[in-house]
Each structure stands twice: as C-alpha cells, then as structure tokens.
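The chain contents come next:
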Amino acid sequence: MFALMHSTRLESLHLSVDPVTGLKAVIAIHSSRLGPALGGCRYLAYPDDESAVADAARLAQGMSYKAALAGLPVGGGNAVIIRPAHVESRAALFEAFGRCIEQLDGRYITAIDSGTSVADMDCIAQHTRFVTSTTAAGDPSPHAAMGVFAGIRTAAMARLGSDNLEGLRVAIQGLGNVGYALAEQLHAAGAELLVSDIDPGKVQLAMEQLGAHPIANDALLSTPCDILAPCGLGAVLNRQSVAQLRCAAVAGSASAQLTHLQVADQLEARGILYAPDYVINSGGLIYVALKHSGADLATITAHLSNIGTRLTEIFAHAQAEKRSPARVADELAERLLYA
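Along every chain, residues carry numbers that run from 1 in the direction the sequence is written. Note on the predicted model: pLDDT of at least 70 is required for a residue's local features to be given, and 80 or more for side-chain atom pairs to be given and counted; whole-chain, interface and lining totals, by contrast, use all residues. Remark: hydrogens and water are excluded; side-chain values derive from all non-hydrogen atoms of the structure.

With an unreviewed UniProt entry as reference, the protein is termed Glu/Leu/Phe/Val dehydrogenase, source organism Pseudomonas hygromyciniae. UniProt positions are given in the numbering used here, feature names are shortened, and annotations may be inferred rather than shown by experiment. Recorded in UniProt under Sequence similarities (unreviewed entry), the annotation for the protein is "Belongs to the Glu/Leu/Phe/Val dehydrogenases family."

See the structure below:
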C-alpha cells in the first residue's frame, strides 16, 4: 500500500468501514497543494480490496492533473465504495459514507462517478457539506460531454485538418450519462455514430433517436472510424487493443484510458493522435468545482471553452517535440503541481 502511495505520489489514503450498513470505502487524496481534493465516488464491485485501493489511487492522481491543467483552485482525490453482493439499504450506506467524509473536515469533496447518482449524493449531503453533484447542484454529465465534444473538434482539427464534424465517423464505446449526451451533440453536428454498450437498451435508443450504427462490444475497437471515443470504464487502451485500432485519433470521456504510459508511445508510433483523458474529460470537474464555489452557469460555460485551448497547446508541443501528448500533458501538470 505504501509502495502504491509512493508511485502515485498520494498524500494520504483513508480506509473506512461501517459494519451496520456494509460500507467498505477508500478515499485517496493525491494533492491538496492547489486546494481541497475534489473527485468522484465510485460504487463498483471489485475482485479484491487491493484492486479497489489501486483504482482510487490511480483516479485521484488523474484528478490532480485534471484540476491543475484546467486551472481550478482544487486538488485531486477520489473515492471508491466497494459494492457488496447484498445491501440492506443503499441510502443508509451512502449516509454512512457521508459521515466518513465529514470526518476529513473539508480535505476531500466528493461527487458522482461510475455507479453513483445524484440521489446517492443527496444521501451523503445529509451528513456533510463537502459534496457536490446533488439535486441542488445538478448533474455534471452534460457539461462533461460538452468538454469532450469540444475536445473532439480540437482533435479533428489537429489530425484531420478541420473541426467540421459533419460526415465524420465517430465510434463511441459506452453510452452512459456522458457517452449518450456526447452522442447527441455529435449527431447534431452531423457526425456518423458507431456505438457499443453492455446495455442493449441504450444501443437501441441511440439507433432510434440518433440513427447510430450498432457495433458489437468486442468489435468496436477494430472498426474503421475517424475518431474513437472511449466513454466507459478505464484501461481500455493496452498493447493488444491499440494494435487493433483503425482510427485517426482517440478522444473520449473515460478516465485512466491507458493501462500504462508506454501505450501512449505506441499510439504515437502508429500515428494515432491521443487526447489525454484527464484534459478532454475535465468538463465535469470544472462544473462541480465551480458550482460548489458558487459560480454561475455563464462562468462555468466560459471555463469549459478552455479545454479545447489546452488541448491545442498540448498537441502543438507534442508535434514539435515528436512525443506523445500524454507525456506532454503529464509534464505540464507536474510542473504546476510540484514546481
């Protein structure tokens, strides 16, 4: 555990249990140098406790980098609640988690993530004010999708020479809250959509509402397209999957898409432009951070436009230095965090 903290440069790691509700939670705080740590709360089943801790640490590091490059006055953290096989009361479990957050006295602010909802955040809010993405604050998913849409246009300009998405084939892996909102925006811009999801109902809805073409989950990565948009869980890009890709660029909302940084070099060697995930998907964090601080919608929307600007800067550096945008983004973030 300490080796993991050292390798990811975590500031602290908090483990909490509540035998009454069955809560087993991990809160990883990566950096509070720029402000209190802010990050999502995942509610997922894990093969073992070590996997849950590693996931929290990896995501917390990404949140620090994301906040730094987005110019936000917050640090990075993330929480994982290990989903039990059976739970008596989901509401009671999340209320117990709210009490855990309160004990940290503002060092960590939580928000929705994979497996959690606005209703879960409302339960947490009964016991702590250090939570956002509540009913009152609003769902950040549409704003996350807006940021990814802007990032896709930036990637298209950098790799294909135009940010006009009309007629472009965009393959979306995962039609969750962000993925589906992104699909709607791409459809409105005239893009041709190729979609996959483990939920066939979501795929059917995209076919009916957006004219999307369904692709089998195990075939999407090898399907020819202009832009691949991973919008499900992370770690989708590894040596084997990258070798199958038939796209010009990868630009999606999923967090921690790379299994390791060398995969980014493999993408670069293949001539596939990679939009660093914690840059392109920062719209959700921008929304929850600024909303939590009391900013209005106009201010938040204006800040979202910086995502494309930051990606343009990263792509330009990467091209000039003949390196992966992932390595350039890491160095820029670390300079802000540690210099």
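Caption draft 1: Geometry of the packing of aromatic side chains. A pair of aromatic rings is counted whenever rings of Phe, Tyr or Trp (Trp by its six-membered ring) have centres within 6.5 Å, and the orientation is called stacked for planes under 30 degrees apart, edge-to-face for over 60 and tilted otherwise. Scanning the model with the defined rule gives two aromatic pairs in all. Relative to Phe94, the ring of Tyr43 has its centre 5.3 Å away and its plane inclined at 70 degrees; by these criteria the two rings are edge-to-face. Residue Tyr43 is located in strand β3 (residues 37–44), and its partner Phe94 is located in helix α3 (residues 90–103); the two are separated by 51 residues in the primary sequence. The pair formed by Tyr43 and Phe94 is uniform in burial state, with each residue classed as buried. Ring geometry for Tyr65 against Tyr278: centres 5.5 Å apart, planes inclined by 80 degrees, an arrangement best described as edge-to-face. With Tyr65 in helix α2 (residues 49–70) and Tyr278 in helix α10 (residues 277–280), the pair connects residues that are 213 residues apart, well separated along the chain. Secondary structure follows DSSP: runs of H or I at least 4 residues long count as helices, runs of E at least 2 residues long count as strands, and numbering of each begins at the N terminus. Think of it in three bands: with a 1.4 Å probe and only protein chains considered, a residue is buried below 20% of the maximum accessible area for its type, exposed above 50%, and partly exposed in between.

Caption draft 2: Focus on the layout of surface pockets. Cavities and pockets were defined on a 1 Å grid built over protein atoms only: a cavity is a set of grid points that admits a 1.4 Å probe from which the probe cannot escape, a pocket is an open set flanked by protein on both sides within 12 Å along at least five of seven lines, and lining residues are those with an atom within 4 Å of any such point. Grid points are joined across faces, edges and corners, and a volume is the space filled by probe spheres set on the points. In this model, the second largest pocket occupies a volume close to 270 Å³. Broken down by secondary-structure element, the contributors of at least two residues to the lining of the second largest pocket are α5 (141–160) and α13 (306–321). Of the residues assigned to the lining of the second largest pocket, the class counts are seven nonpolar, three polar and five charged. Throughout this entry, Asp, Glu, Lys and Arg are counted as charged residues, while Ala, Val, Leu, Ile, Met, Phe, Trp, Tyr, Cys and Pro are counted as nonpolar. The remaining residues, Gly among them, count as polar.

Caption draft 3: Broad picture of the sheet that holds strand β1 (residues 12–18). If you walk across this open sheet you meet the five strands as β1-β2-β4-β3-β5, and the pairing is mixed. Lying at the two open borders of the sheet, with one neighbouring strand each, are β1 and β5 (108–112). On average, each strand axis in the sheet is tilted by 25 degrees relative to the strand beside it, whichever way the strands run. Strand pairing is assigned whenever DSSP identifies at least 2 bridges connecting the two strands. Relative to strand β2 (residues 23–31), β1 is paired through seven bridges, and the arrangement is antiparallel. Bridging across to β2, Asp18 finds its partner in Leu23. Here an axis means a line fitted to C-alpha atoms, over the contact stretch when the element is a helix, while the angle between two N-to-C directions is reported on a 0 to 180 degree scale.

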